[in-house]
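# Chain and residue survey
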Amino acid sequence: MSTPSLQSFNTFGLVVEAEELVSIASTDDLKKLHDSQAWAQRQLHILGGGSNVLLTQNLSGLVLLNRIQGKKEVYRDEQVVHIEFGGGEIWHEAVTWAVAQGFGGLENMSLIPGTVGAAPIQNIGAYGVELKDRFVYLDAFDLDSGETRRFLKNECEFGYRDSIFKSWAKGRFFITQVCLELQLHPEVNLRYGDISGVLEQWGIAHPSIADVSRAVIHIRQSKLPDPAVLGNCGSFFKNPVIPETQFEELKARYPEAKSFPAGEGYIKVPAGWLIEHAGWKGHRAGAVGVHEKQALVLVNYGGAKGSEVLQLARDIQADILDRYGIALEMEVNAW
Ligand SMILES: Cc1cc2nc3c(=O)[nH]c(=O)nc-3n(C[C@H](O)[C@H](O)[C@H](O)COP(=O)(O)OP(=O)(O)OC[C@H]3O[C@@H](n4cnc5c(N)ncnc54)[C@H](O)[C@@H]3O)c2cc1C
């Protein structure tokens, strides 16, 4: 049991207190706690790196901090290796480790903050790759029954920033291990974003996975605010997916509207474009604001309250609905 301040445990840097904060280093720690008095009838909150939570109030009950470490090779053939990572491993460190081993598949997801155990929750993704593309299974501790359970890929129902851990299984399972399939003869994926442009600028014609990782880090650092400098949670809203017919109406009104295909009959509209087009980019209200370079990122300029960030998010949602008839869904988990 340790200090109850959560300020350094959330990347928004919000000042919030936990009634009790417990560091979990193993499944055994969870079992012991589950059988103890400390557990009984208490509200439970699972926290990894705090890079996708908006803390709007002090937290009663137990905050379980995932610090389960470890990497274990559990399978290998000619083509792939399966590595089981402890859920408390830092995601970017896992990526860096894989790249150093020459194991391909994670490099496009370099520098995403947070822990490995949280990665399946919203099926993290960046630069054309999602967690589900590398996922084999996860192990989780059922906070209700105290049993451990393995979830295979098809059971997780991964979607765009979505999985069962955001619906019926939300808050019930503590993810302790995640097993990923990595390539022994990696093929780099340069199709998305500015990766190939950056590599070309650097004069790299035949990039390795390490080159791709460096390019992704370079792009991300130039586009996104560093939470250590300016509190934020990355993309605050999901990119809305709307029916093609609705997009045609939007395009008729705003020919400059941006879009991506999103499966038959559907179009994904960048939330950042909608927010910027509506004039919110760079908007500031006291200690909270919309980042001046990236409209999808809400920021804490220092001393903001979670409720103020939430209010700004609601104002943006109402305005976007009013202007474009599109409902923005929060990607960040508000507590
Ligand atoms: C600057 C910045 C850039 C980002 N860029 C991206 C990006 O490119 N792509 C992307 O997908 N995301 C991105 N994110 C969001 C964030 O990094 C991911 O969602 C990440 O997976 C969150 O990990 P975490 O450990 O910080 O989770 P937390 O914020 O601690 O938790 C998030 C949610 O998951 C639950 N949870 C956490 N760990 C567990 C566990 N072990 N078992 C069960 N539930 C758990 C929590 O209860 C909470 O509901 C970005 C965030 C920031 C700050």
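Only a predicted model underlies this, so the values are computations on that prediction, with no experimental measurement involved. (Residues numbered from 1 in each chain as written. Predicted model: local features only at pLDDT ≥ 70, side-chain atom pairs only at ≥ 80, totals over all residues.)

### Overview of the overall build of the protein chain
Helix and strand content of the protein chain: eight helices and 19 strands. Whereas a compact globule of 335 residues would reach a radius of gyration of roughly 20 Å, the protein chain reaches 20 Å, a difference of no more than 12%. Within the protein chain, the fraction of its 335 residues that count as buried is 38%. Long-range pairs, those at least 24 residues apart, make up 62% of the contacts in the protein chain with a sequence separation of at least 6. (Helix = DSSP H or I, 4+ residues; strand = E, 2+ residues; numbered from the N terminus. Rg over C-alpha atoms; globule rule 2.2 N^0.38 Å. Buried ≥ 20, exposed ≤ 12 C-beta atoms within 10 Å, placed from the backbone. Contact = placed C-beta atoms within 7 Å.)

### Quick word on the sheet that holds strand E11 (residues 173-183)
Spatially, E5-E6-E11-E9-E10 is the arrangement adopted by the five strands of the open sheet, whose pairing is antiparallel. The outermost strands of the open sheet, each flanked by one partner alone, are strand E5 (71-76) and strand E10 (148-152). The sheet shows a mean angle of 20° between the axes of neighbouring strands, taken without regard to direction. (Pairing = 2+ DSSP bridges. Axes fitted to C-alpha atoms, helices over the stretch in contact; angles between N-to-C directions.)

### Concerning the sheet that holds strand E15 (residues 266-268)
A sheet is described by the order of its strands in space; here three strands give the open sequence E13-E15-E14, paired in antiparallel fashion. Each having just a single partner strand, strand E13 (241-243) and strand E14 (260-261) make up the two edges of the open sheet. Of the strand pairs in this sheet, E13 and E15 are connected by three bridges, and their pairing is antiparallel. For valine 241, the partnering residue across the bridge sits in E15 and is lysine 268. With respect to the sheet, helix H6 (residues 244-253) is in contact with E13 and E15, its orientation differing from that of E13 by roughly 95°.

### Observations concerning the domain arrangement of the protein chain
Here the domain parsing of the protein chain yields domain 1 (7-66), domain 2 (71-183) and domain 3 (231-334). Contacts between domain 1 and domain 3 engage eleven residues on the former and 13 residues on the latter. (Domains from an automatic or database assignment.)

### Quick notes on the site of the ligand
Taken together, 32 residues surround the ligand, and among them Gly48, Gly49, Gly114, Gly117 and Gly234 come closest. Of all the secondary-structure elements, those providing two or more residues to the shell around the ligand are strand E2 (44-47), strand E7 (125-126), E11 and strand E12 (231-235). Here the residues of the shell around the ligand are counted per class, giving 16 nonpolar, 16 polar and no charged. (Near = placed C-beta within 6 Å. Nonpolar A, V, L, I, M, F, W, Y, C, P; charged D, E, K, R; others polar.)

### What about the environment of valine 290?
Relative to the assigned elements, valine 290 resides in strand E17 (residues 288-290). Classification of valine 290 as buried rests on a count of 24 C-beta atoms within 10 Å. In this structure, the C-alpha to C-alpha distance between valine 290 and tryptophan 280, residues ten residues apart in sequence, is 6.6 Å. Residue contacts for valine 290: discarding those within four places in its chain leaves Ile275, Trp280, Lys281, Gly282, His283, Ala295 and Leu298.

### Remarks on unusual backbone geometry
If you check the backbone angles, tyrosine 127 has positive phi at about 50° while not being a glycine. Summarising the element assignment, tyrosine 127 is placed in the loop between E7 and strand E8 (129-130). The phi dihedral of arginine 161 falls on the positive side, at around 50°, and the residue is not glycine. Relative to the helices and strands, arginine 161 resides in the loop between helix H3 (153-156) and E11.

### Structural notes on the pairing of strand E9 (residues 135-142)
Examined bridge by bridge, E9 and E11 share seven bridges and lie antiparallel to one another. Following the sheet pairing, aspartate 142 is matched in E11 by phenylalanine 173. Where E9 lies against E10, five bridges are found, and the strand directions are antiparallel. Bridge pairing links leucine 138 to phenylalanine 151 in E10. Here E9 folds back onto E10 in antiparallel fashion, the turn holding five residues, of which glycine 146 has a positive phi close to 80°.

### Considerations on the pairing of E5
Burial analysis of E5 places just zero of its six residues in the buried class, which makes it a mostly uncovered element. Pairing between E5 and strand E6 (residues 80-86): five bridges, direction antiparallel. When the bridges of E6 are listed, tyrosine 75 appears paired with histidine 82. Between the antiparallel neighbours E5 and E6 lie three residues.

### Remarks on helix H2 (residues 91-101)
Inspection of H2 places Trp91, Ala94, Val95, Ala98 and Val99 among the buried residues, and these make up the whole buried set. The arc that holds the buried residues of H2, viewed along the axis, is 135°, so those residues lie on one side. Taken together, the buried residues of H2 touch E6, E11 and helix H5 (209-223). Once H2 finishes, glycine 102 follows within two positions and takes phi at roughly 85°, a positive value. (Arc of directions from axis to C-beta.)

### Regarding the environment of phenylalanine 237
With respect to the secondary-structure elements, phenylalanine 237 resides in the loop between E12 and E13. C-alpha of phenylalanine 237 to C-alpha of glutamate 249: the two residues are twelve residues apart in sequence and 22 Å apart in space. Not counting the four nearest positions on each side in its chain, phenylalanine 237 is found in contact with Ala271, Leu296, Leu328, Glu329, Met330 and Glu331.

### A short note on the environment of tyrosine 301
Tracing the backbone through its elements, the reader meets tyrosine 301 in the loop between strand E18 (297-300) and helix H8 (306-324). Residues tyrosine 301 and valine 229, spaced 72 residues apart in sequence, show a C-alpha to C-alpha distance of 9.2 Å. Apart from the residues within four sequence positions on either side, tyrosine 301 is in contact with Ala287 and Gly289.

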